[in-house]
Every structure is written in structure tokens, then in C-alpha cells.
Amino acid sequence: MPHVLVAGKLHPSGVALLKSAPGITFDYVEEVSELSYAPLISKADGLVIRTQPLSARTVADAGRLKIVSRHGVGYDSVDLSSLNQRGIALAVVGDVNSVSVAEHAMMLLLAAAKRALRGDHSVRNGSWGWRNKLEAVEISGKKLLIVGYGRIGRHLARMASGFGMGVRAYDPYLERQGWPEGVASPASDLDEGLAWADAVSVHAPKADRPLIGAAELAKLRPSAILVNTARGGVVDEAALAAALRSGRLAAAGIDVFDDEPPPQDNQLFDLDQVILSPHVAGLTAECGERMAISSVQNVLDFFAGRIDPTLIVNTAELTRR
């Protein structure tokens, strides 16, 4: 009888699916931290996990673990090499959050362009005259570079095009594989795309170093806007704060951070041309339910021998064993 550990609060529909599954028992820890679920990992045959880390040390304590199912599509907080060494499958949900993330990126772009935070403060603080500074700008007719042109990037391209923006995308993988149909044409390289753009929205995975650092930010025009709904670390936070503070960049919208939650001395917190949100782009009410159901269903399907192999990210490693 498989025993499942749910690490992090799930939409009630996901919990209900577990409760209704015959032959399944489970533990449920709502707190999102590794310390909160680690004491229960030794009993788990399957793990459903939110955004908190899954370290090699915790994997070493998981003697029965066979499947880890991420409540989302990213897995940079999971020590994949330790799962590979043990032959433990890592699954992600399918295309359940791309529209939500694209909508959030569009919202951050609009809020940054319209200086929404400054406008809000001007009303609440009695500084009505702020409106006459004409700081808000239009996005219609402006140029958007999308860095990473997967499902989220393609949804965003469609939305931005509807606002009258010109759209290009930078994605060397897709250029090699074949550029998809859509409104965005490919940028020849990242530097060229950055120099062309009035706004940049990042949708690329995290790598060993920031994709957008001080050198890349310097390629942007001072009136440009940067949005990041991808992962913390894809954009160099310190370099971004310095560019905004110095006037080398006009505004930004940030949903993801190097450390989550970020410390209160984060350099972006005192910049009112920056719109911040708590890694919530994919957490609409509708999407939260879809992710909960999909992440639980992956575990159930795994133990039933019918999981969609395209949702297992380390299939190649597992087949080598």
C-alpha cells in the first residue's frame, strides 16, 4: 500500500483526490519548508512537493521513495542528481499554468509601464499632483523581447500583440529545433534583442549564472522595463537594483527572488518603480486547483503503472540504470 507525503498546502481538490484513491495513505504538512516535512520522509513511497527544497540529505533519508511529483513545472529546488543516483522518478505537471503565468507577466508589464505603485501612493498619501509628472507610458507601439519562447512565452506574445506591441523572442533551443508559428519573430542573439527592446520578459530556466546580469542590463535603453516571472537567479537582483537606482533602467516587475521569501533588506524593496509579487504568477485560483490535481494524479498514475512518460523529467537517467 503506497504511502504519500504531501509537502506544502494543496488546493482542497488535490487532497480530496488523495482521500478518494483506494489503497493510498498519506501525511499532509501544510508548511512550505524542508524542515517541516523531513521528519516524515522515511515513511514516504511518493512525495508531492511545492516550492521548498528537496536536498540530497533528505533524499538520503527517504529509503522507500520512488516518485517525487512537483506541484508545478520547475524543479531547480530539487536535488535531481541524488534522485538519479537512487533511481527515483521526478515528475512535473503538464501545461496547467502557462496562461496564468503569461497573464501575470502582462500585468507586471502594464503595472510597471503605468507606474502603478507610484500612482497608488500618490492617491493614498495626498500627492495628487504626481499625475502631472507624466511618468506613465503607453505600451502600444512599443517593442517586447521575450527571453524563452515556450508555452508561457507564446501566450504572452499573443497577449502583448493584442496591446499593439511588436514582439520578438530569444530562444536558441527553438531556433535549432524549428521556430514555432506565432506573432514573435526570432531575435538573432540576446544582445541584439536587448538593444532592440523597450521591454523584456524573462521565461527561461535557471542556470549556473544569471542570464540577465549587469552586462545584459547595460544593453537596454534607460526607458526599458524588465519583467521576471521565471525563477530567482535568472536575473541578477543586485545588478537590477543598481540599474534601477541609477536610472539605467526605468522600471521592473518581479515575481521570483534569489531567496524566497526574500529578506526585508532586499535592495528592490525601497524602489517604488518596481512592482513585486510573492512568486504567485502560477497561483491563480483556477491554476492552483489544476496543479494540485495534476501533481497528485502523477503519483497515483505512477503507482498504477500508467503515468505519462513525458511528465517525468529524468526518464533518460532512469532507463540507464
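Data block above holds the structure.
Note that this is a predicted model, so its numbers are computed, not measured. (Residues numbered from 1 in each chain as written. Predicted model: local features only at pLDDT ≥ 70, side-chain atom pairs only at ≥ 80, totals over all residues. Heavy atoms only, no water.)

Participant: It is not clear to me how the sheet that holds strand β1 (residues 3–7) should be interpreted in this structure. Could you clarify?
Facilitator: Consider a sheet: its strands pair through backbone hydrogen bonds, and that pairing is either parallel or antiparallel. Spatial ordering of the open sheet is given by β2-β1-β3-β4-β5, a layout of five strands whose pairing is parallel. Only two strands of the sheet have a single partner each, and these edge strands are β2 (25–29) and β5 (89–91). On average, each strand axis in the sheet is inclined to that of its neighbour by 15°, with strand direction left out of account. Of the strands in this sheet, β1 and β2 touch helix α1 (residues 12–20), which is tilted by about 155° from β2. Strand contacts of helix α12 (residues 285–304): β1, β3 (46–49), β4 (67–70) and β5, with the helix running at about 155° to β4, the strand carrying the most contacts. (Pairing = 2+ DSSP bridges. Helix = DSSP H or I, 4+ residues; strand = E, 2+ residues; numbered from the N terminus. Axes fitted to C-alpha atoms, helices over the stretch in contact; angles between N-to-C directions. Contact = heavy atoms within 4.5 Å.)

Participant: How do you make sense of the environment of Asp120 when you look at a structure like this?
Facilitator: Checked against the element boundaries, Asp120 lands in helix α6 (residues 116–124). What makes Asp120 partly exposed here is its relative accessible area of 31%. (Buried < 20%, exposed > 50% of the residue type's maximum accessible area, 1.4 Å probe, protein only.)

Participant: Honestly, the side chain of Asn298 in this entry has me stumped. Any pointers?
Facilitator: As for its position among the elements, Asn298 is in helix α12. Residue Asn298 is classed as buried on the basis of its relative accessible area, which comes to 5%. When residues no more than four places from it in sequence are discounted, the contact partners of Asn298 are Ser69, Ala91, Val92, Val93, Ile307 and Leu311.

Participant: Just to check I follow, could you spell out the sheet that holds strand β11 (residues 251–254) for this structure?
Facilitator: On the basis of which strands lie adjacent, the open sheet formed by seven strands has the order β8-β7-β6-β9-β10-β11-β12 and parallel pairing. This sheet does not close on itself; its edge strands, each paired only once, are β8 (185–186) and β12 (274–276). Across five bridges, strand β6 (residues 143–147) lies against strand β7 (residues 166–170) in parallel orientation. Considered in β7, the bridge of Leu145 is made with Arg168. Against the sheet, helix α7 (residues 151–162) touches β6, β7 and β9 (199–202), its axis set at about 175° to β6.

Participant: How should the packing of helix α5 (residues 98–113) against α7 be read in this particular structure?
Facilitator: A packed helix pair is summarised by two numbers, namely the angle formed by the two axes and the spacing between the axes. At a minimum axis separation of 8 Å, α5 and α7 run at an interaxial angle of 50°. In terms of their interaxial angle, α5 and α7 are classed as oblique. In terms of crossing hand, the pair formed by α5 and α7 is right-handed. Counted together, Ser98, Val99, Val101, Ala102, Glu103, Ala105 and Met106 of α5 and Arg151, Ile152, His155, Leu156, Met159 and Ala160 of α7 form the full contact between these two elements. Its residues assigned to classes, the contact of α5 with α7 comprises nine nonpolar, two polar and two charged. (Parallel < 35°, antiparallel > 145°, perpendicular 65-115°, else oblique. Left-handed = near helix turned anticlockwise from the far one by under 90°. Nonpolar A, V, L, I, M, F, W, Y, C, P; charged D, E, K, R; others polar.)

Participant: Which parts of the structure should I look at to understand the pairing of β3?
Facilitator: Two faces belong to every sheet, and in a regular strand the side chains alternate between them. Residue alternation in β3 divides its side chains into two sets, Gly46 and Val48 and Leu47 and Ile49, and both sets are buried. Note: β1 against β3, four bridges, orientation parallel. Bridge pairing links Leu5 to Leu47 in β3. The sheet contact formed by β3 and β4 spans four bridges and is parallel. Across the sheet, residue Val48 finds its bridge partner in β4, namely Ser69.

Participant: Teacher, can you tell me more about the nonpolar core here?
Facilitator: Side chains of a nonpolar character, in soluble globular proteins, are inclined to be buried together. Ranked by size, the top nonpolar core spans 31 residues in total, and within it Leu145, Val200, Leu217, Leu240 and Leu249 carry the most contacts. Broken down by secondary-structure element, the contributors of at least two residues to this core are β6, α9 (190–196), β9, α11 (237–246) and β11. Broken down by element, this core gets its largest block of residues, five residues, from α11. In contact with Leu145, not counting residues within four places along its chain, are Arg168, Ala169, Tyr170, Ala187, Leu190, Gly193, Leu194, Trp196, Ala197, Ala199, Val200 and Ser201. One finds Leu109, Ala157, Val227 and Ala251 within the second-largest nonpolar core, a separate group that totals 29 residues. (Core = buried A, V, L, I, M, F, W, Y, C linked by side-chain atoms within 4.5 Å.)

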